[in-house]
Amino acid sequence: MHRNSSNLPDEVIDKIKEIELDYIEENLSKLLGRMRGGANRISKIVKSLQVFSSLDTAKVISVDIHVIMDSILLIIQPRLQNPLFQIQVIQDYGELPLVNCFPNALKQAIMNIINHAIHALEIKFYQNKYGVEQPTISIRTEKLENDWLGIYISDNGLGITEENCSKIFDPFFTTKPVSQGKGLGLSISYQIIVEQHEGRIKCISSPEKGAEFVIEIPI
Ligand SMILES: Nc1ncnc2c1ncn2[C@@H]1O[C@H](COP(=O)(O)OP(=O)(O)OP(=O)(O)O)[C@@H](O)[C@H]1O
Ligand SMILES: [Mg+2]
């Protein structure tokens with residue numbers, strides 16, 4: 001068997017190169033840390049999915065809105081940690097009673113809004129329009145008078161023009177290219193919040209500064 005200067009057979013050397021052993025040796029503890037982090041995240045997502053999938057979608061259930069929020073944030077976590085730019089999430093949760101709602105539907109409605117906030121931050125970032133400002137999503141909750149609660153989701157992304165603000169809840173309204181958007185997401189959120197939960201939803205925005213979505217639902 002032919003041996004080289006390291007005194008190992010060539011076949012072994014080739015195998016070491018093939019599996020990138022040097023890289024693995026150097027980065028093993030980092031890789032294990034990442035694997036542990038990933039496994040923890042998967043386990044939390046599975047637990048959260050188990051909780052939500054066990055809920056009867058056709059029934060009104062008393063839930064903690066913050067559990068819904070945390071389950072959404074868990075799912076979108078990787079999008080917040082884009083290696084090119086990090087999105088900061090500010091959570092300002094008020095003292096809320098349990099809310100009678102369709103939790104899975106509400107989760108979908110809020111998830112839509114948070115996904116759009118991320119998209120608006122990404123577009124502004126790729127247009128190079130962040131100076132020292134940090135891409136941020138703020139989520140605030142508050143108990144309102146007369147047994148209502150407010151959920152406020154804002155971003156400092158690319159914003160919406162006043163004209164578009166009045167159209168975004170219309171079915172098929174989109175500013176995305178045809179292949180990317182159907183214009184249905186916010187009309188579904190509107191239907192869930194206004195028709196299914198007898199709540200209110202509106203958008204406040206100024207172009208370049210960002211957008212805020214105000215959701216109010218009766219407890
Ligand atoms: N946070 C936001 N910042 C800027 N624009 C937003 C934001 N949220 C929504 N929009 C605008 O609202 C429009 C309508 O949203 P909607 O979810 O109804 O459709 P879509 O996202 O374009 O397509 P689809 O959800 O069907 O894939 C979007 O095209 C986008 O222009
Ligand atoms: Mg959408």
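As a packed pair, helix 4 (residues 103-126) and helix 6 (residues 185-196) sit with axes 9 Å apart at the nearest point and diverge in direction by 140°. Relative to helix 6, the element helix 4 lies oblique. Crossing of helix 4 against helix 6: the hand is left-handed. Two secondary-structure elements touch here, helix 4 through Ala 105, Leu 106, Gln 108, Ala 109, Asn 112, Ile 113 and His 116 and helix 6 through Gly 185, Leu 186, Ile 188, Ser 189, Ile 192, Ile 193 and Gln 196. Classifying every residue of the contact of helix 4 with helix 6 by side-chain character gives eight nonpolar, six polar and no charged.

Moving on, we get to the site of ligand 1. Around ligand 1, a shell composed of 20 residues is seen, among which His 116, Thr 174, Thr 175, Lys 176 and Leu 184 lie nearest. Separating an oxygen atom of ligand 1 from a side-chain N or O atom of Thr 175 is a distance of 2.4 Å. In the model, an oxygen atom of ligand 1 is placed 3.0 Å from a nitrogen or oxygen of the Leu 186 main chain. Bound to the protein, ligand 1 loses 89% of the 600 Å² it would expose on its own. Of all the elements in the fold, those that place two or more residues in the shell around ligand 1 are helix 4, helix 6 and strand 7 (210-218). Looking at which element gives the most residues to the shell around ligand 1, the answer is helix 4, with three residues. The class makeup of the residues in the shell around ligand 1 is nine nonpolar, eight polar and three charged.

As for its position among the elements, Lys 124 is in helix 4. What Lys 124 contacts, discounting residues up to four positions off in sequence, is Lys 129, Tyr 130, Glu 133, Asn 156, Gly 157, Leu 158 and Glu 208.

Core analysis: the largest hydrophobic core is formed by 44 residues, its most contacted members being Ile 65, Ile 110 and Phe 213. For this core, the element with the most residues is helix 4, which contributes ten residues. Beyond its immediate stretch of four places on either side in the chain, Ile 110 contacts Met 69, Ile 72, Ile 151, Ile 153 and Ile 215.

What counts, and where the lines are drawn
Residues numbered from 1 in each chain as written. Chains lettered and ligands numbered in written order. Predicted model: local features only at pLDDT ≥ 70, side-chain atom pairs only at ≥ 80, totals over all residues. Heavy atoms only, no water. Axes fitted to C-alpha atoms, helices over the stretch in contact; angles between N-to-C directions. Helix = DSSP H or I, 4+ residues; strand = E, 2+ residues; numbered from the N terminus. Parallel < 35°, antiparallel > 145°, perpendicular 65-115°, else oblique. Left-handed = near helix turned anticlockwise from the far one by under 90°. Contact = heavy atoms within 4.5 Å. Nonpolar A, V, L, I, M, F, W, Y, C, P; charged D, E, K, R; others polar. Near = heavy atom within 4 Å. Polar contact = N/O pair within 3.5 Å; in protein donor to acceptor, adjacent residues only side chain to side chain. Areas by Shrake-Rupley, 256 points an atom, 1.4 Å probe, with all protein chains shown as cover. Core = buried A, V, L, I, M, F, W, Y, C linked by side-chain atoms within 4.5 Å. Buried < 20%, exposed > 50% of the residue type's maximum accessible area, 1.4 Å probe, protein only.

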